[in-house]
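# Fold and geometry: a report
As a plain string of letters, each chain reads:
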Amino acid sequence: LHAMYVDEHQFGDEYTEPERVRRILRYMSDALDRIATLRAWTTDRPLRILEIGAGLAWMCRAAKARNPQCNTIAQDVSPEAAQRCAWVDVYVQGELSDPRIDSHAPFDVISMTHVIEHLVDPVAMLRRCRTLLGGNGVLFVTDCSQELTAPELDYLRAAHARCSAVVCVMTKLDLYQHAPTLIE
């Protein structure tokens with residue numbers, strides 16, 4: 001990870017092109033609104049957001065647009081974007097084990113956008129997230145996998161019914177292999 005994300009430049013002009021920024025923020029705002037609706041959180045409730053592998057911290061930015069009083073914490077191993085995200089209250093350049101993150105827990109939303117597919121041990125990361133989530137918190141995970149089939153969606157719905165505090169979609173290849181561990 002260090003070689004890919006710390007030693008190399010990640011965020012060129014394509015990440016700050018206005019139309020792309022607008023589309024990303026619309027997606028993240030819609031996702032946060034769906035989560036808030038699911039949990040019956042009103043816009044006047046300041047949420048506690050942790051964005052893992054944050055980069056330009058799009059979920060934090062969406063949260064601040066929703067309610068400027070939201071507490072936004074971003075974490076990334078790369079220092080590249082830390083100074084570029086004025087909407088983040090605390091930007092932790094380091095590992096998820098950093099104690100500065102624990103001091104802001106529990107979180108209402110933990111977001112991992114296009115992160116899980118890069119992890120050496122995604123199950124360990126998900127377990128760590130579980131310790132940081134509040135009782136009604138939601139883990140929001142996206143990846144670059146293909147669309148799921150109907151049976152795979154049914155399986156996810158059943159898993160969610162058993163553990164509604166965690167909403168997680170893994171890659172198709174990892175879904176069945178790791179699902180029993182995640183449900184436990």
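The notes below deal with the structure included here. (Residues numbered from 1 in each chain as written. Predicted model: local features only at pLDDT ≥ 70, side-chain atom pairs only at ≥ 80, totals over all residues. Heavy atoms only, no water.)

### Things to note about the overall build of the chain
Basically, it comes down to this: Segments assigned H or I by DSSP are reported as helices when at least four residues long, segments assigned E as strands when at least two residues long, and all are numbered from the N terminus. For every residue, the accessible area (1.4 Å probe, protein chains only) is compared with the maximum for its type, and the residue is labelled buried under 20%, exposed over 50%, or partly exposed between those bounds. Contacts are assigned to residue pairs that have any heavy atoms within 4.5 Å of one another. Method for areas: the Shrake-Rupley scheme with a 1.4 Å probe, in which residue coverage is limited to the protein chains shown.
Along the backbone of the chain there are seven helices and five strands. When its helices and strands are written in sequence order, the chain yields α-α-β-α-β-β-α-β-α-β-α-α. Per-residue burial for the chain yields a buried fraction of 47% across its 184 residues. By sequence separation, contacts in the chain at least 24 residues apart represent 64% of the contacts at least 6 residues apart. When the accessible surface of the chain is summed, it comes to about 9700 Å², and 55% of that surface belongs to carbon and sulfur atoms.

### Considering the environment of Met-125
Relative to the assigned elements, Met-125 resides in helix H5 (residues 122-132). Met-125 sits in the buried class, given a relative accessible area of 16%. A sequence separation of 28 residues divides Met-125 from Ser-97, and the C-alpha atoms of the two residues are 9.8 Å apart. Non-local contacts of Met-125, meaning those with residues more than four positions away in its chain, are made with Ile-52, Leu-96, Met-112 and Leu-119.

### Considerations on the pattern of salt bridges
The cut-off we apply is this: The salt bridge criterion pairs a side-chain nitrogen of Lys or Arg with a carboxyl oxygen of Asp or Glu, the two atoms within 4 Å.
Enumeration over the complete set of coordinates arrives at seven salt bridges. Here Asp-98 and Arg-100 are joined by a salt bridge, their closest N and O atoms 2.8 Å apart. Under the relative-accessibility criterion, Asp-98 is labelled buried at 15%. Each of Glu-19, Arg-22 and Arg-23 takes part in salt bridges that share partners, so that together they form one network.

### Focus on the sheet that holds strand S2 (residues 71-76)
Inclusion rule: Pairs of strands are assigned from DSSP output, requiring at least two bridges between the strands. Whenever a helix is involved, its axis is fitted only over the stretch in contact; in every case the axis is a line through C-alpha atoms, and angles between N-to-C directions fall within 0 to 180 degrees.
Strand order across the open sheet formed by five strands is S3-S2-S1-S4-S5, with parallel pairing between neighbours. A single partner strand is all that each edge strand has here, and the edge strands are strand S3 (90-93) and strand S5 (133-142). Looking at each pair of strands side by side, their axes are set apart by 15° on average, direction ignored. Both strand S1 (residues 48-52) and S2 contribute to a ladder of five bridges, which runs parallel.

### As for the pairing of S1
Each regular strand carries side chains that alternate between the two faces of the sheet. The line we're drawing: Clockwise travel from the first strand over the helix to the second, with the strands pointing away from the viewer, marks a crossover as right-handed.
Across the five residues that make up S1, a large majority, four, are buried. Between the parallel elements S1 and S2, the chain passes through helix H3 (residues 58-66) in a crossover that is right-handed.

### Some details on the nonpolar core
Test applied: Definition of nonpolar core: a set of buried residues of the types Ala, Val, Leu, Ile, Met, Phe, Trp, Tyr and Cys, connected through side-chain atoms within 4.5 Å.
Ile-49, Ala-57, Cys-85, Val-88 and Tyr-91 are the most contacted members of the largest nonpolar core, which totals 30 residues. Those elements that provide at least two residues to this core are helix H2 (18-39), H3 and S5. Contacts of Val-88, omitting those with residues within four sequence positions, involve Ala-57, Cys-60, Thr-72, Ile-73 and Ala-74. Leu-50, Phe-107, Leu-132 and Leu-133 belong to the second-largest nonpolar core, a separate cluster that totals 19 residues.

### Side note on unusual backbone geometry
Here the residue pair Ala-105 and Pro-106 is connected by a cis peptide bond, since its omega of 5° sits within 30 degrees of zero. Take Pro-106: it is sitting in the loop between helix H4 (99-102) and strand S4 (107-113). The residue Ala-40 is not glycine, and still its phi comes out positive at about 60°. Within the secondary structure, Ala-40 is located in the loop between H2 and S1. Owing to a relative accessible area of 64%, Ala-40 belongs among the exposed residues under this scheme. At Ala-57, a residue that is not glycine, the phi angle is positive and equals roughly 55°.

### Considerations on the packing of aromatic side chains
Let me state the cut-off plainly: Pairing of aromatic rings covers Phe, Tyr and the six-membered ring of Trp, with a centre-to-centre limit of 6.5 Å; geometry is then stacked below 30 degrees between planes, edge-to-face above 60, and tilted otherwise. Criterion for a charge above a ring: Arg CZ or Lys NZ at most 6 Å from the ring centre, at most 35 degrees from the ring normal.
Across all of its chains, the model carries one aromatic pair by this definition. Over the face of the ring belonging to Trp-87 we find Arg-61, whose NZ or CZ atom lies 4.3 Å from the ring centre.

### Description of the environment of Thr-72
To be explicit about the condition: Under this definition, polar contacts are N or O atom pairs within 3.5 Å; protein pairs additionally need one hydrogen-donor-capable and one acceptor-capable atom, and for neighbouring residues in sequence, both atoms have to be side-chain atoms.
One can find Thr-72 in strand S2. Thr-72 sits 35 residues away from Phe-107 along the chain, and the two C-alpha atoms are 9.5 Å apart. Aside from chain neighbours lying at most four places away, what touches Thr-72 is Ile-49, Cys-60, Ala-63, Lys-64, Trp-87, Val-88, Asp-89 and Val-90. Within the local environment of Thr-72, its side chain forms a polar contact with the backbone oxygen of Trp-87, the two atoms lying 3.0 Å apart.

All we've got here are geometric facts, nothing functional implied.
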